[in-house]
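# Understanding the architecture of this molecule
If you want the building blocks of each chain, they are given just below.
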Amino acid sequence: MSSSRFHGRFETDSRNCEAPGCGDAGEFRAPGFRPNGFDGPGQWRWFCLEHVRQFNAGYDWFEGMDAEEILDAQSPASGWRTESPTFGPRAGVDGMPRWADFDDPLDAISARAKGIRSRAERETKVAKENLAAIGFSKDEASALEAMGLGSDTDRRKLRRRYSELVRRYHPDRNGGDRRYEARLTAIVDAYQLLRKSRVFG
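Read on for an overview of the structure. This is a predicted model, so every value here is computed, not measured. (Residues numbered from 1 in each chain as written. Predicted model: local features only at pLDDT ≥ 70, side-chain atom pairs only at ≥ 80, totals over all residues. Heavy atoms only, no water.)

## A word on the overall build of the protein chain
The condition that has to hold: In DSSP terms, a helix is any run of H or I states spanning at least four residues, a strand is any run of E spanning at least two, and both are numbered starting from the N terminus. Here the term buried applies to any residue with accessible area under 20% of the maximum for its type, exposed to any over 50%, and partly exposed to those in between, with areas from a 1.4 Å probe on protein chains only. Contacts between residues were defined by any pair of non-hydrogen atoms, one from each residue, lying within 4.5 Å.
When its secondary structure is counted, the protein chain shows 6 helices and 4 strands. Put simply, the protein chain runs from its N terminus to its C terminus through helices and strands in the order β-β-β-β-α-α-α-α-α-α. Looking at the protein chain as a whole, 23% of its 201 residues qualify as buried. Taking the intrachain contacts of the protein chain between residues at least 6 apart in sequence as the baseline, contacts between residues at least 24 apart amount to 32%.

If you want it as structure tokens, here you go:
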């Protein structure tokens, strides 16, 4: 799929315009039904040039905002008022180093990365200890982590999550793309281990 950075056109023969009854190629993207989030970038809708122009003409960026929020969003300083916690007066209170503590920015970045990794390792250790207290073995705790599940998991949640992940990573759902094959194998192995867990009775 090639793109032109000048007018937002993504040339393709394999995708049709999503406007009802239109058979032209869908070469221009517009905001979709799912926003950006934890699971990745948002979902795009694809239109031909005529229909993307119609979509843009009717798109209301301020939908759902009250008058004060609209006025604030239109301000030239919008988005610049929020102070980065790293530079704020409370920087460093979470155990992370402050930028001002370093002469070399690369040292500061390295220290923050180590701090983030250390905190993540502590949180993972606590989570695994909680799972062990419930009755999950070390391997089962790792399997829950691989599936993105927590200590409140029951058999129904396990099956639902397994179905969701298989649908997401199976090559048939990704146009035959086998990049996620190792991830899918890990999910299947994790599910096979967890479904036999004594915790679920």
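We are not done yet, so read on.
## Concerning the nonpolar core
Here is the rule we go by: The criterion is simple. A nonpolar core is a set of buried Ala, Val, Leu, Ile, Met, Phe, Trp, Tyr and Cys residues joined through side-chain atoms within 4.5 Å.
Formed by 15 residues in total, the largest nonpolar core has its most connected members in M147, L158 and L194. Elements with a minimum of two residues in this core: α4 (138-146), α5 (155-169) and α6 (181-194). The element contributing the most residues to this core is α6, with 5 residues. With 9 residues, the next largest nonpolar core counts C17, A19, A30 and F47 among its residues.

## Structural notes on the packing of α4 against α6
Rules: Lines are fitted to the C-alpha atoms to define the axes, a helix being fitted only along its stretch in contact, and any angle between axes, read from their N-to-C directions, falls within 0 to 180 degrees. Here the angle decides the label: under 35 degrees means roughly parallel, over 145 means roughly antiparallel, 65 to 115 means roughly perpendicular, and every other value means oblique. Note on convention: the crossing is left-handed when the near helix lies turned anticlockwise from the far helix by less than a right angle, right-handed when the turn is clockwise. Just so you know the grouping, Ala, Val, Leu, Ile, Met, Phe, Trp, Tyr, Cys and Pro go in nonpolar, Asp, Glu, Lys and Arg go in charged, and all remaining residues, Gly too, go in polar.
The contact between α4 and α6 brings their axes to 9 Å, and the two run at 135°. Looking at the two axes, α4 sits oblique to α6. For the pair α4 and α6, the crossing hand works out as left-handed. Facing D139, E140, A143, L144 and A146 of α4, the residues of α6 in contact are R183, A190, L193 and L194. Across the contact of α4 with α6, the residue classes tally to 6 nonpolar, no polar and 3 charged.

## Description of the side chain of H51
Locating H51 in the fold gives a position in helix α1 (residues 49-58). Discounting residues that sit within four places of it in the chain, H51 has contacts with C17, A19 and C22.

## A short note on the packing of aromatic side chains
Just so we agree on the cut-off: Geometry of aromatic contacts follows a simple scheme: Phe, Tyr and Trp rings, the Trp one being its six-membered ring, pair when their centres are within 6.5 Å, and the pair is stacked under 30 degrees between planes, edge-to-face over 60, tilted otherwise. In this analysis the charged atom, NZ for Lys or CZ for Arg, is taken to sit over a ring once it is within 6 Å of the ring centre and within 35 degrees of the ring normal.
Taken as a whole and judged by the stated rule, the model has 2 aromatic pairs. The interplanar angle of 10° and the centroid separation of 3.9 Å between the aromatic rings of Y162 and Y191 together place this pair among those described as stacked. A residue pair is termed long-range when its members are at least 10 positions apart, and Y162 in helix α5 and Y191 in helix α6 qualify at 29 residues. What makes Y162 buried here is its relative accessible area of 19%. Since its relative accessible area comes to 13%, Y191 is described here as buried. In this arrangement the basic side chain of R15 is found over the ring face of W46, its NZ or CZ atom lying 3.7 Å from the centre. Over the face of the ring belonging to W44 we find R29, whose NZ or CZ atom lies 4.3 Å from the ring centre.

## Re the environment of R198
In this fold, R198 is placed in the segment after α6. Along the sequence, R198 and S137 sit 61 residues apart, while their C-alpha atoms lie 9.6 Å from each other.

## Structural notes on α1
Operational definition: An arc is given here, and it is the one of the directions from the helix axis to the C-beta atoms.
By the burial criterion, the buried members of α1 are H51, V52 and F55. Around the axis of α1, the buried residues are gathered within 100° of arc, so they sit on the same side. Turned more than 90 degrees away from the buried face of α1, the exposed residues are R53 and A57. At its buried positions, α1 is contacted by β3 (28-31) and β4 (44-47).

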